[in-house]
Amino acid sequence: MINKVFLLGNLGSDPQVKFTKDGVMMVIFRVATNEFIRRNGTYEKVTDWHTVRVFGKLAEFCSKLKKGDRVFIEGKLKSSSFEIDNKIFRVSTVIAKSVK
């Protein structure tokens, strides 16, 4: 089985720096990717947003990125589900990458 994702896009905001319970640096940022879809004889730009989490040494590098920077991401999909108020279930999918 293979779980691999490649993204080329731009940061939608400055990265957020956090730390795990074990003290490992984690950086979270959103990446916008665009594609052009032909509809009714014209092309329409469609933007998708992706949440990226990086850990360790790569997180140190990514913490220096800024909104608008173009990035190429290679990682894997990680999904998790959780419950919020009134028993509403949500599913979150992120692209995760760690370098030791």
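Below or above, wherever it landed, is the structure these notes cover. Per chain, residue numbering runs from 1 following the sequence as it is written. Under the rules for a predicted model, residues below a pLDDT of 70 receive no local features and side-chain atom pairs below 80 are neither given nor counted, while totals for whole chains, interfaces and linings still include all residues. Heavy atoms throughout the structure, all of them, feed into the side-chain values; hydrogens and water do not.

1. Focus on the overall build of the protein
Think of it this way: any DSSP run of H or I at least four residues long counts as a helix, any run of E at least two long counts as a strand, and we number them from the N terminus. Regarding its fold elements, the protein presents one helix and six strands. When the elements of the protein are put in sequence order from the N terminus, they spell out β-β-β-β-α-β-β. When a residue's accessible area, from a 1.4 Å probe over protein chains only, is under 20% of the maximum for its type it is buried; when over 50% it is exposed; and in between it is partly exposed. Scored against the burial criterion, the 100 residues of the protein give a buried share of 27%. Look at the contacts in the protein between residues 6 or more apart in sequence, and 51% of them connect residues 24 or more apart. Only heavy atoms matter for contacts: two residues are in contact if any of them lie within 4.5 Å across the pair.

2. Some words on the packing of aromatic side chains
Pairing of aromatic rings covers Phe, Tyr and Trp, the last through its six-membered ring, and needs centres within 6.5 Å; plane angles under 30 degrees mean stacked, over 60 mean edge-to-face, and all others mean tilted. All told, the structure shown has one aromatic pair when counted by the stated rule. Seen from their ring centres, F6 and F72 are 6.0 Å apart, and the 25° between their planes marks the pair as stacked. Highlighted residues: F6 in strand β1 (residues 5-11) and F72 in strand β5 (residues 70-84), separated in sequence by 66 residues. Among the residues examined, F72 registers a relative accessible area of 55% and is labelled exposed.

3. Observations regarding the side chain of T51
Looking at the secondary structure, you find T51 in strand β4 (residues 42-55). For the purposes of these results, a polar contact is taken to be a pair of N or O atoms within 3.5 Å, where, inside protein, one atom must be able to donate a hydrogen and its partner to accept one; residues adjacent in sequence count only when each atom of the pair is a side-chain atom. A distance of 2.9 Å separates a polar atom in the side chain of T51 from a polar atom in the side chain of R30.

4. As for the pattern of salt bridges
Basic side-chain nitrogens of Lys or Arg form a salt bridge, by our definition, when they fall within 4 Å of a carboxyl oxygen of Asp or Glu. In total, this model carries two salt bridges according to the counting rule given. The salt bridge partner of E44 is R39, with a shortest N-O separation of 3.0 Å.

5. Here we look at unusual backbone geometry
At N40, a residue that is not glycine, the phi angle is positive and equals roughly 50°. Under the relative-accessibility criterion, N40 is labelled exposed at 82%.

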